[in-house]
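Overview (structure and organization)
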Amino acid sequence: PPMNPEQNPSRQCAACGEQEAFLTYASIVCLNCPSAAHLACPPPPPSPFTCPPCSDPNFSFFPKSKPDQESADALVAAAKISAALMNNEAAELKKEAHKKIFAAKEAKRRAKEALGNLQDLVLKQKASEKKNSNKRKHSDRR
């Protein structure tokens, strides 16, 4: 189905790689991932569209030849930045999880305390009703 190009996070055609004009064209989405391509780039229907990485297990965005030092350094830097961002996000999620665990434990403690108080009130009420019932029996006998 045609996809709004604004929904494509890469903003690049998965089939031809065109980036600049991609925002102005209608596109379709890969059957296996969120990659999108121009309507004219993939095979026409009824052939389903799969992007190059999904349709060829040997596909690579990187050249087959050994990358130059500058490209390799850029990839390493990008990987380090990505890893740092993921570690920061993981730490934030861990903090949030600990807060939620603490809140859940506190809610459980309060609920248990409330149930204990309710049980005490029920027992006191039953004892009071039993006491009143016994008083009535004694007064009826006289």
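Attention in this report is confined to the structure presented alongside it. Here, residues in each chain are numbered from 1, in the same order as that chain's written sequence. Whole-chain, interface and lining totals are the exception, using all residues; otherwise, since this is a predicted model, local features are given only for residues with pLDDT of at least 70 and side-chain atom pairs are given and counted only at 80 or more. Only heavy atoms go into the side-chain values, all of them from the structure, while hydrogens and water stay out.

Looking at the overall build of the protein chain
Where helices and strands are cited, they refer to DSSP runs of H or I of at least four residues and of E of at least two residues respectively, numbered from the N terminus. Scanning the protein chain from N- to C-terminus turns up two helices and three strands. Mapped in sequence order, the helices and strands of the protein chain form the string β-β-β-α-α. Taken over 142 residues, the protein chain has a buried fraction of 10%. Of the contacts formed within the protein chain by residues at least 6 apart in sequence, a portion of 26% connects residues at least 24 apart. Every accessible area reported is derived by Shrake-Rupley at a probe size of 1.4 Å, with residue values counting cover from the shown protein chains alone. As displayed, the protein chain has an accessible area near 11900 Å², and 59% of this comes from carbon and sulfur atoms. Under the scheme applied here, a residue whose accessible area is under 20% of the maximum for its type counts as buried, over 50% as exposed, and between as partly exposed, the area being computed with a 1.4 Å probe on protein chains only. Contacts are assigned to residue pairs with any non-hydrogen atoms lying within 4.5 Å of each other.

Things to note about the pattern of salt bridges
Salt-bridge detection follows one rule: a side-chain nitrogen of Lys or Arg within 4 Å of a carboxyl oxygen of Asp or Glu. If you walk through the whole model with that rule in mind, you get five salt bridges. Between Glu106 and Arg110 there is a salt bridge, and its shortest N-O distance comes to 3.8 Å. Here Glu106 pairs with Arg110, and both are found in helix H2 (residues 69-141), just four residues apart, close to one helical turn. Residue Arg110 is classed as partly exposed on the basis of its relative accessible area of 48%. Glu113 is the partner of Arg109 in a salt bridge, and the nearest nitrogen-oxygen pair spans 3.0 Å. Of the two residues, Arg109 and Glu113 are both situated in helix H2; the distance of four residues between them amounts to about one turn of the helix.

Considerations on a nonpolar patch on the surface
To count toward a patch, a residue needs a relative accessible area over 30% and no salt bridge; like charges are then connected within 9 Å, while nonpolar side chains (Val, Leu, Ile, Met, Phe, Trp, Tyr) are connected within 5 Å. A cluster of nonpolar side chains, namely Leu115, Leu118 and Val122, defines an oily patch on the protein surface of about 270 Å² accessible area. By the secondary structure assignment, Val122 is in helix H2.

So far we have only geometry, and geometry alone does not tell us how the molecule works.
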